[in-house]
Amino acid sequence: MLAAVAGSAVLALFATACTGSNSTGGTDDSASGKDVTITFWHGWSQDNETKAINDNVAAFEKLHPNIHVKVVANIADDKSEQALRAGGPDAPDVVSSFTTDNVGKFCSAKVWTDLAPFLKKDGIDPAKTFPAPMLKYSQFEGSQCSLPLLGDAYGLYYNKTAFAAAGITAPPKTLSEFDADAVKLTIANGDGYKQLGFMPDYHGYESTPSHFLGQYGVPYFGTDGKSDIAGDPKIAAMYTWQKALIGKLGGFDKLEKYRASFGDEFSAKNPFETGQVAMAIDGEWRTASIASDKVAFDWATAPFPVPDDQAATYGRGYQTGTIIGIARGSQKQAAAWEFVKYLTTDTDAVVSFANAIHNVPSTIAALSSPKLDSDANFKTFLDVAKNPASSTTPSSINGGAYQISMQNFGYEFESGKQADLQAGLTKTAQEIDAAVNQAK
């Protein structure tokens, strides 16, 4: 989710983009047509995912016959970071990460190259190429040291069969409508539930503070770089709404007992797929899972509801995704850039990858491509990605630590261990600021 920092000076990197020399002074000869091999590390591991990557690599190599790409799959961020810090001939030239939270961490460690000079040299305007939230999570403190490589958008999944039984004719658009529907859809079963309208608890898989706050549009940090969660009324409003909904649905203890009966989130035992919950917040990838698992009810998707006082922003949602960058220590940055540029800005490459692994395309052009596979349920997430009011979580030098702090406070507040919302937010803001300062 988060974004990136830069290591080397812009002028030095501009020279890199023009001449093929990198920030460490190395060169490659790809621009002159000589053969060069670059190494690409990524985290995908499923057969359809690795095939999709390999297909795009093959297409790139066909366009650039002198550039060869050695692909290494299933690489976690910690291993990638260690290799980049160590440098040397065994380090990758190009790396990708599923965790946008780590962009600021990677780039502040000066292991990723600022891509702004490369983009400028090739006449690519990032603001006209990538959706605003995706562009935001690929930056850190003004440095474009990564680029989006497919995205995730969040929305509402709802059980149409359960809606019809409850007399609900359309998905809710505001949180007050959502709360009323969640209550209507809840069917008690002794001291438990036969069906729960929605699981609001922060342990409830995708029901996290950051995903909910995507509907509120919050900056998280002030212009001074300090946490603004104690001073932003929208933050307090989200925590207040979530806790109130817990009360409306039976209370924290009852909900937590029911949550313990849920199956694995990434299987057919997911509580939405089993019918244990009638509504869920989730990402676009779930549409493929539900279709494959052939659930026993009719279902559909819609944007997740927004606060009543922001009804005009309905259609927005939280966004995150995968990012890709070039190792600052790579001796083959000119070739690496050609590869990164192809994967991230070539419309057909982006669309084919999105179709293969059922993610949201990460360029404005690809989101509207006629070659994009999209049914009505998947289109919801494409529209969220296009919506100018959609948002993401900002980058931080210590990754997503501030989100963990906010979630930990959420656990205490929803359970009643912390009754004073403002005091808790103030303490959490101080914790976030202290952690950021320590990471500098």
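Since the model is a prediction, treat every value here as computed from it, not as a measurement.

Right, let's get into the pattern of salt bridges. A pair can form between side chains of opposite charge whenever their charged atoms are brought close. All chains considered together, the criterion is met by 14 salt bridges. One salt bridge in this structure joins K257 and D191, with 3.1 Å as the shortest N-O distance. With K257 in helix α12 (residues 252-259) and D191 in the loop between β5 (187-189) and β6 (192-195), the pair connects residues that are 66 residues apart, well separated along the chain. As far as burial versus exposure is concerned, K257 and D191 are alike and both exposed. Each of K121, D122, E338 and K341 takes part in a single network of salt bridges with overlapping partners.

If you add up the space inside the largest pocket, you get close to 1,000 Å³. Along the wall of the largest pocket there are 42 residues; nearest its centre are D152, Y154, E206, F266 and W285. Per-element accounting of the lining of the largest pocket gives the leading share, five residues, to helix α14 (residues 285-293). Of the residues assigned to the lining of the largest pocket, the class counts are 16 nonpolar, 19 polar and seven charged. Computed from the structure, the second largest pocket encloses a volume of approximately 400 Å³.

What follows concerns the environment of T345. You can see T345 is positioned in helix α15 (residues 333-345). Spatially, the C-alpha atoms of T345 and L147 are 9.3 Å apart, while their sequence positions differ by 198 residues. Beyond its immediate sequence surroundings of up to four residues, T345 is in contact with I124, T129, F130, V350 and T363. Side-chain polar atoms of T345 contact the backbone oxygen of K341, separated by 2.6 Å.

Turning our attention to helix α20 (residues 421-439). An ideal rise of 1.5 Å per residue puts 27 Å on 19 residues; α20 measures up with 27 Å between its terminal C-alpha atoms. Of the positions making up α20, those classed as buried are L421, G424, L425, T428, A429, I432, D433 and V436. Contacts from the buried residues of α20 go to α11 (233-248) and α19 (401-415). Among the residues of α20, the N-terminal cap falls to D420, whose side-chain oxygen and the backbone nitrogen of Q422 are separated by 3.3 Å.

Cut-offs applied
- Residues numbered from 1 in each chain as written.
- Predicted model: local features only at pLDDT ≥ 70, side-chain atom pairs only at ≥ 80, totals over all residues.
- Heavy atoms only, no water.
- Salt bridge = Lys/Arg side-chain N within 4 Å of Asp/Glu carboxyl O.
- Helix = DSSP H or I, 4+ residues; strand = E, 2+ residues; numbered from the N terminus.
- Buried < 20%, exposed > 50% of the residue type's maximum accessible area, 1.4 Å probe, protein only.
- 1 Å grid on protein atoms, 1.4 Å probe; cavity = no way out; pocket = protein on both sides within 12 Å on 5 of 7 lines; lining within 4 Å.
- Points joined across faces, edges and corners; volume = space filled by probe spheres on them.
- Nonpolar A, V, L, I, M, F, W, Y, C, P; charged D, E, K, R; others polar.
- Contact = heavy atoms within 4.5 Å.
- Polar contact = N/O pair within 3.5 Å; in protein donor to acceptor, adjacent residues only side chain to side chain.
- Expected span 1.5 Å × (residues − 1).

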